[in-house]
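# Summary of structural features
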Amino acid sequence: MTPEAAGYLEKARRCLEYARVNLGVDLGNDAGRNAYLAAFHAAQALIFETTGRIAKTHQGLQAEFSRLTRDDPTITADLRRFLSQAYNLKAVADYETGPDAELPMDRAVLALAGAKRFVDWAEGRLSPSSGYVAS
């Protein structure tokens, strides 16, 4: 694995830890945002390892990740959808106002669980024993 991809995975793990801390002090918005960012950085690791490039926007990352994993039998449909669904949590946390601007804690807990599965998948996919070969 390239040092860049390893760095993205390390950042993904830190974001998971931040989300756990956020949940511990009832900060649902921050936990949801960090859950998304964990998946974002894990996807960035896969993209870099595969293409040698990084995605410059959230939408670009989601599109490139979808393209790269389209025929990948190791990823489940729910994990393939996780990036776009979790982005909505980040958008609520960052941009929404009013009564719908707070992410319920139960939803933040689910986001963290999904992010952990996503990061674990990416890490396993990029491990030397996976047989993954960059294009």
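Each value, and the rule that gives it
Residues numbered from 1 in each chain as written. Predicted model: local features only at pLDDT ≥ 70, side-chain atom pairs only at ≥ 80, totals over all residues. Heavy atoms only, no water. Helix = DSSP H or I, 4+ residues; strand = E, 2+ residues; numbered from the N terminus. Core = buried A, V, L, I, M, F, W, Y, C linked by side-chain atoms within 4.5 Å. Buried < 20%, exposed > 50% of the residue type's maximum accessible area, 1.4 Å probe, protein only. Contact = heavy atoms within 4.5 Å. Axes fitted to C-alpha atoms, helices over the stretch in contact; angles between N-to-C directions. Parallel < 35°, antiparallel > 145°, perpendicular 65-115°, else oblique. Left-handed = near helix turned anticlockwise from the far one by under 90°. Nonpolar A, V, L, I, M, F, W, Y, C, P; charged D, E, K, R; others polar. pLDDT = per-residue confidence, 0-100.

This next bit is on the environment of Leu46. Following the sequence through the fold, Leu46 ends up in helix H2 (residues 28-51). Sequence separation of Leu46 and Leu126 is 80 residues, and the distance between their C-alpha atoms is 7.0 Å.

Moving on, we get to the nonpolar core. If you look at the biggest cluster of nonpolar residues, it comprises 37 residues, and the most contacted ones within it are Ala42, Leu61, Phe65, Leu83, Phe118 and Trp121. Among the elements of the structure, helix H1 (3-24), H2, helix H3 (58-69), helix H4 (77-95) and helix H5 (105-126) are those that each provide at least two residues to this core. Here this core takes 11 residues from H2, the largest share from any one element. Sequence-distant contacts of Trp121, that is, excluding residues within four places in its chain, are made with Leu46, Phe65, Thr69, Asp72, Thr74, Ile75 and Leu79.

This paragraph deals with the packing of H2 against H3. Running from N to C, H2 and H3 cross one another at 55°; their axes reach a closest spacing of 10 Å. Between H2 and H3, the interaxial angle falls into the category oblique. Pair H2 / H3 crosses with left-handed handedness. On H3, the residues that touch Tyr36, Phe40, Ala43, Gln44, Leu46, Ile47, Thr50 and Thr51 of H2 are His58, Leu61, Gln62, Glu64, Phe65, Arg67, Leu68 and Thr69. Considering only residue class, the contact of H2 with H3 consists of 8 nonpolar, 6 polar and 2 charged.

Right, let's talk about unusual backbone geometry for a bit. Of note, the phi angle at Asp26 is positive, near 60°, even though the residue is not glycine. Along the chain, the position of Asp26 falls in the loop between H1 and H2.

What follows is about the confidence of the model for the protein chain. For the protein chain, mean pLDDT is 90; residues scoring 70 or higher make up 94% of the total. H1 holds the highest mean pLDDT among the elements of the protein chain, 96, whereas H4 holds the lowest, 88.

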